[in-house]
Protein chains: 2
Amino acid sequence: MREQGHEKEHRRGRPRSEAVERAILEAVVTLLEDGVPLGELSVERIARTAGVGKATIYRRWQGKEELFLDVLREIEPPEPELPGTSALDDLRVVLESMRRRGLAQRSSVLLHNVVVGMKSQPKLWAEYHRTVIDPRRAMTTDLIRRGVASGELRDDLSVELMHELLVGPMLMRTLHRPGAPLDEDLPDRIISAVLQGLRPRE
Amino acid sequence: MREQGHEKEHRRGRPRSEAVERAILEAVVTLLEDGVPLGELSVERIARTAGVGKATIYRRWQGKEELFLDVLREIEPPEPELPGTSALDDLRVVLESMRRRGLAQRSSVLLHNVVVGMKSQPKLWAEYHRTVIDPRRAMTTDLIRRGVASGELRDDLSVELMHELLVGPMLMRTLHRPGAPLDEDLPDRIISAVLQGLRPRE
């Protein structure tokens, strides 16, 4: 029996396993698209929709939180690749990526609802911060340190403050002003204005 | 009867009416402090706690939303008075006021919960935006226009972009980084850095 079970598992192999994962992720998306609030999605219902057993879900994800984070990764624009040509080039790509996520959240009711639903669940929101937001912040902070080292940025201000000056304006435009334009040139305009400063030229 | 009713109303006068209002506002605060979530507070329960009838509440507020907004006004630090000496002086006071609200939200579990509770109720959140956030934004935008007119700020950038450059960093520090320090000199450091820009001096 054991041998047989093992062989069966073996015969399924990777592709089959990925198909199951995909079916589960798609089941969550389907339920959310049908208007089921994130907070009301149970593992049981997801399993039923995907046509698998609950154990199949728990074998792949520790719990609902981990599963939802993978769903979000599926529907959010992917993390950008940095060109690495200069710190400011990379920062521009980071701001462009924020702009694209902002556009996606505005155009996709699904994505918008998932983000709102996560915010109202402290455990899920904390997990999102730990696995998504914090690494993004660390990466951007590193970029700013590189910019200071390369002479692209001032070396007499705290890295945190510079981070807020560079990222805060885009954050405000995307998250706090739902109706404001998110034009293509916004990353350039922000970086250029923050570099030059708001003091009138003599 | 009419005469009598009118006289009764008259005899009560303003002070009595204010005492009733205060009792109702305090009933909401008491219930929230007792851990009742904002979404579960009914007018009936508020009335019972305040020792008044439901009609007494509806005579003063159109509904729960308006009442909650008054409660928030009670527990939030008051809107600042602007010195009017210069646009930048006034902007500094605006940022200082954001810093104080940030501190208050961190130290007051009550205030924090009210804000979180409001965000999860679209109608209430929209009303908060209309009556609190939008007027603040309009005031700050006017200040920036004054700063451009007086030559304190550049005249070749959009007012919206400058608004985001000046306010975005404080917004990010207070709302998006719950653990970050909110030191007294933060408004000055932000304004000074935004004015000078992040480009290294030659």
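Residues numbered from 1 in each chain as written. Chains lettered and ligands numbered in written order. Predicted model: local features only at pLDDT ≥ 70, side-chain atom pairs only at ≥ 80, totals over all residues. Heavy atoms only, no water.

All right, on to the pattern of salt bridges then. Residue and element names in this part refer to chain A. As enumerated under the stated definition, the model contains 37 salt bridges over all chains in all. The closest approach of N and O atoms between E65 and K123, which form a salt bridge, is 3.7 Å. Linking E65 in helix α4 (residues 64–75) with K123 in helix α7 (residues 122–149), this pair joins segments that are 58 residues apart in sequence. A residue is classified by how much of its surface remains accessible, and E65, at 17% relative accessible area, is buried. The shortest N-O distance in the salt bridge between D188 and R92 comes to 3.8 Å. Within this pair, whereas D188 is found in helix α9 (residues 186–196), its partner R92 is found in helix α5 (residues 87–107), the two being separated by 96 residues in sequence. By relative accessible area, which is 41% here, D188 ends up partly exposed. Residue R92 is classed as partly exposed on the basis of its relative accessible area of 27%. (Salt bridge = Lys/Arg side-chain N within 4 Å of Asp/Glu carboxyl O. Helix = DSSP H or I, 4+ residues; strand = E, 2+ residues; numbered from the N terminus. Buried < 20%, exposed > 50% of the residue type's maximum accessible area, 1.4 Å probe, protein only.)

Another aspect to go through is the relation of the copies chain A and chain B. Each copy of the sequence occupies a distinct position, and chain A is placed on chain B by a rotation of 180° and an axial shift of 0.0 Å, giving an RMSD of 0.0 Å. Such a turn and shift between the copies fits a two-fold axis. Taking the C-alpha atom as reference, chain A places G197 of chain A closest to the rotation axis, 1.8 Å from it. Taken together, the interface assignments show that 100% of the residues at the interface of chain A recur at the interface of chain B, consistent with an identical surface on both copies. (Least-squares fit on C-alpha atoms with pLDDT ≥ 70 in both. Contact = heavy atoms within 4.5 Å.)

We now examine the domain arrangement of chain A. Residue and element names in this part refer to chain A. For chain A, the domain assignment lists domain 1 (2–74) and domain 2 (78–196). Taking only C-alpha atoms, the centre of domain 1 and the centre of domain 2 are 31 Å apart. Of the residues lining the interface, 11 residues belong to domain 1; the matching set on domain 2 comes to 13 residues. Contact between domain 1 and domain 2 buries roughly 1100 Å² in total, counting both sides, with carbon and sulfur atoms accounting for 79%. Per-residue buried area on domain 1 facing domain 2 is highest for E65, L69 and L72; these three make up 51% of the total on that side. Taken together, the connections running from domain 1 to domain 2 amount to 0 residue pairs in polar contact (both at pLDDT 80 or more). Counting residues per element, the ones that place at least two in the side of domain 1 that touches domain 2 are α1 (2–33) and α4. Looking at the side of domain 1 that touches domain 2, the element that brings in the most residues is α4, giving 6 residues. Of the residues contributing to the side of domain 1 that touches domain 2, the split by class is 6 nonpolar, 1 polar and 4 charged. (Domains from an automatic or database assignment. Buried area = accessible area lost by both parts, 1.4 Å probe. Polar contact = N/O pair within 3.5 Å; in protein donor to acceptor, adjacent residues only side chain to side chain. Nonpolar A, V, L, I, M, F, W, Y, C, P; charged D, E, K, R; others polar.)

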